[in-house]
Amino acid sequence: MNLDGLIQKKLALVLGVLAGVVGVNLAVYFLAVSNLDKHTKNTRAKVAQLREQVRDLEKQDKEISGTVSRIRTDRQVVDDLAGKVLTTRAQRLVTVQTELQKLLEGHRLQADSINYFYETFPRQESTWGRRYLKMGMQVPVSGAYQDIKGFIKEAQASPQFFLLEDVNLSSGSQGGTMLRMNLKLSTYFVATDQDLQEQGPRGRA
Amino acid sequence: MKRLSVNAAGTPFVNRVVPVTAMAGLGALALVLTIVNLTSFIVLGADFRSQRSELSDKEKRLQLLKKDKEEKQKVLESSSVASFAGEAQFVSGVLDLKRFSWTRFFEDLERVKSFGILMEGVTPTFGKDGLVAVTLRGKANQRGELLKFEQNLMGDASFRGFKLENEQKEQGSPFIVFNITVNYIPGGKP
């Protein structure tokens, strides 16, 4: 059979097969490929949306983690301060008084009388883990300005947690080299049940 | 009636252009479409699988983050944290006072204090914004000394927000009693 014969005889079959292949391809394209393309685009859009959400949440999570971590650190600092530095009045009061006396003498300052006053914090019953007892000390001192400055410097650096709240010059001290000053010092203790009973409900001595 | 076909050529001519063109065209179209479909399947399939995998990863990460955030939020909203907030604020105030360097403050005050000024009282107050407001109470030997002191305070970088609260001449003496409030910024730069 020559080519012409073959073409004539099988033309319909070959064209039919080719048309079938084209048809199948078109069907595959419209039914499968285009759907796959649509799904891929949808998935990509979802991924982009999720990526945005994840980024936002990661940012929020970082901020919250920072806050939680700061709270933990702060709590540790407060616990250490209360447990290792301030402690209770029974544990530290005598040391505080001794240290104050030592500092006054070390700077040649005279303090004839010291008035103490107490206050509890928080004043009312609260949800704090502990309460604090503030012991204020009104210390009238007389001495040279440089000595008073030296005393203040050392009192602030003392491990006995002295706080200087205010400084007042006593009357009648102007004119000479000796000054008379009222120093309002304070320190804090962790309040015990006994302290709270002694201070009463308003926390005043 | 049968159609009469007359061909007078020595070698009968058969026109193959139309069927060959049709076959070639359809064949080429079929080939191109097959290649396009196969390539699309391979490329889109790989892309889809990668997107689906990323989607799944992101969903898992999102769930994890939501859970983590909820847990931390619970910690933050817990009563222990709420109660600690008050205590932390109180301790922070105490530590602010502890950190305040009186000696540095005295040095800064000595720098601006004019000769005829006698300080009688110094009281710092610590604001929530970290600002230290200081109340200065004193006497000036003649008003000119007070004015000089004011000028020095206003021109010094460690003192801001100067405010003269009152001044009053003492009976029978050249002294002027005054009250000043000023914000103290340790190591303030101009």
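Residues numbered from 1 in each chain as written. Chains lettered and ligands numbered in written order. Predicted model: local features only at pLDDT ≥ 70, side-chain atom pairs only at ≥ 80, totals over all residues.

### As for the interface of chain A and chain B
Alright, step 1. Facing the 58 residues of chain A at the interface are 55 residues of chain B.
Alright, step 2. Among the secondary structure elements, those contributing two or more residues to the side of chain A that touches chain B are helix H1 (3–86), helix H3 (145–157) and strand E3 (163–169) of chain A.
Alright, step 3. Residue classes in the side of chain A that touches chain B are distributed as 31 nonpolar, 14 polar and 13 charged.
Alright, step 4. Pairing of E3 of chain A with strand E1 (residues 117–126) of chain B involves two bridges; the strand directions are antiparallel. Note on E1 of chain B: the bridge partner recorded for Asn 168 of chain A is Gly 121 of chain B. (Contact = placed C-beta atoms within 7 Å. Helix = DSSP H or I, 4+ residues; strand = E, 2+ residues; numbered from the N terminus. Nonpolar A, V, L, I, M, F, W, Y, C, P; charged D, E, K, R; others polar. Pairing = 2+ DSSP bridges.)

### Describing unusual backbone geometry
Residue and element names in this part refer to chain A.
Alright, step 1. Backbone torsion omega between Phe 121 and Pro 122 reads -5°, so that peptide bond is classified as cis.
Alright, step 2. The residue Pro 122 is located in the loop between strand E1 (115–121) and strand E2 (132–144) in this model.
Alright, step 3. A positive phi angle is found at Thr 87, which is not glycine, with a value near 45°.
Alright, step 4. Tracing the backbone through its elements, the reader meets Thr 87 in the loop between H1 and helix H2 (89–106).
Alright, step 5. Residue classification places Thr 87 among the partly exposed positions, given that 17 C-beta atoms sit within 10 Å.
Alright, step 6. Phi angles above zero are rare outside glycine, and Phe 161 is one such case at about 55°.
Alright, step 7. Relative to the helices and strands, Phe 161 resides in the loop between H3 and E3.
Alright, step 8. Judged by C-beta crowding, with 18 C-beta atoms within 10 Å, Phe 161 ranks as partly exposed. (Buried ≥ 20, exposed ≤ 12 C-beta atoms within 10 Å, placed from the backbone.)

### Observations regarding the confidence of the model for chain B
Alright, step 1. In the predicted model, chain B carries a mean pLDDT of 87, and the fraction of residues at 70 or more is 95%.
Alright, step 2. Model confidence for chain B, summarised as mean pLDDT per element, is weakest for helix H2 (residues 79–99) of chain B at 85 and strongest for strand E4 (residues 175–184) of chain B at 94. (pLDDT = per-residue confidence, 0-100.)

### Topic: the nonpolar core
Buried together is how nonpolar side chains tend to be arranged in soluble globular proteins.
Alright, step 1. Ranked by internal contacts, the top residues of the largest apolar core, which has 42 residues, are Val 141, Leu 164, Leu 183, Leu 185 and Phe 189 of chain A together with Ala 140 of chain B.
Alright, step 2. What Leu 183 of chain A contacts, discounting residues up to four positions off in sequence, is Val 139, Val 141, Leu 164 and Val 167 of chain A. (Core = buried A, V, L, I, M, F, W, Y, C linked by C-beta atoms within 7 Å.)

### Description of H3 of chain A
Alright, step 1. A rise of 1.5 Å per residue sets the reference length of H3 of chain A, with its 13 residues, at 18 Å; its end C-alpha atoms lie 19 Å apart and thus fit the reference within 8%.
Alright, step 2. Residues of H3 of chain A that are buried: Ile 148, Phe 151, Ile 152 and Ala 155 of chain A. All buried residues of H3 of chain A fall inside an arc of 100° around its axis, so they share one side. For H3 of chain A, exposure combined with an orientation more than 90 degrees from the buried face picks out Gln 146 and Ala 157 of chain A.
Alright, step 3. If you follow the buried residues of H3 of chain A, they end up packed against H2, E2, E3 and strand E4 (178–190) of chain A together with helix H3 (102–112) of chain B. (Expected span 1.5 Å × (residues − 1). Arc of directions from axis to C-beta.)

### Focus on the sheet that holds E4 of chain B
Backbone hydrogen bonds hold the strands of a sheet together, and the pairing may be parallel or antiparallel.
Alright, step 1. Pairing is antiparallel across the open sheet formed by eight strands, whose spatial order is E1(A)-E2(A)-E4(A)-E3(A)-E1(B)-E2(B)-E4(B)-E3(B). On the outer flanks of this sheet lie E1 of chain A together with strand E3 (159–169) of chain B, each paired with one strand and no other. Direction aside, the axes of adjacent strands within the sheet are offset by 20° on average.
Alright, step 2. Pairing of strand E2 (residues 132–141) of chain B with E4 of chain B involves 10 bridges; the strand directions are antiparallel. Along E4 of chain B, the bridge assignment pairs Lys 139 of chain B with Val 177 of chain B.
Alright, step 3. Contacting E2, E3 and E4 of chain A, H3 of chain A crosses the sheet at an angle of about 155° to E2 of chain A. (Axes fitted to C-alpha atoms, helices over the stretch in contact; angles between N-to-C directions.)

### Structural notes on the environment of Ser 114 of chain B
Residue and element names in this part refer to chain B.
Alright, step 1. Inspection of the secondary structure puts Ser 114 in the loop between H3 and E1.
Alright, step 2. Taking the number of C-beta atoms within 10 Å as the measure of exposure, Ser 114 has 17 and is therefore partly exposed.
Alright, step 3. Taking the C-alpha atoms as reference points, Ser 114 and Gln 151, separated by 37 residues in sequence, lie 9.8 Å from one another.
Alright, step 4. For Ser 114, the residues in contact, after removing those within four places along its chain, are Glu 145, Lys 148, Phe 149 and Asn 152.

### Quick notes on the packing of H3 of chain A against H3 of chain B
Alright, step 1. Put simply, H3 of chain A and H3 of chain B touch, their axes get as near as 9 Å, and they point 145° apart. Across the interface between the two elements, Lys 149, Ile 152, Lys 153 and Gln 156 of chain A from H3 of chain A touch Trp 102, Thr 103 and Phe 106 of chain B from H3 of chain B.
Alright, step 2. Of the residues that constitute the contact of H3 of chain A with H3 of chain B, the class distribution is three nonpolar, two polar and two charged.

### Describing the confidence of the model for chain A
Alright, step 1. Scored by pLDDT, chain A has a mean of 86; 91% of the residues are at 70 or more.
Alright, step 2. Residue range residues 201–205 of chain A is modelled with pLDDT below 50. Its contacts to residues more than four positions away, or to other chains, number nine contacts.

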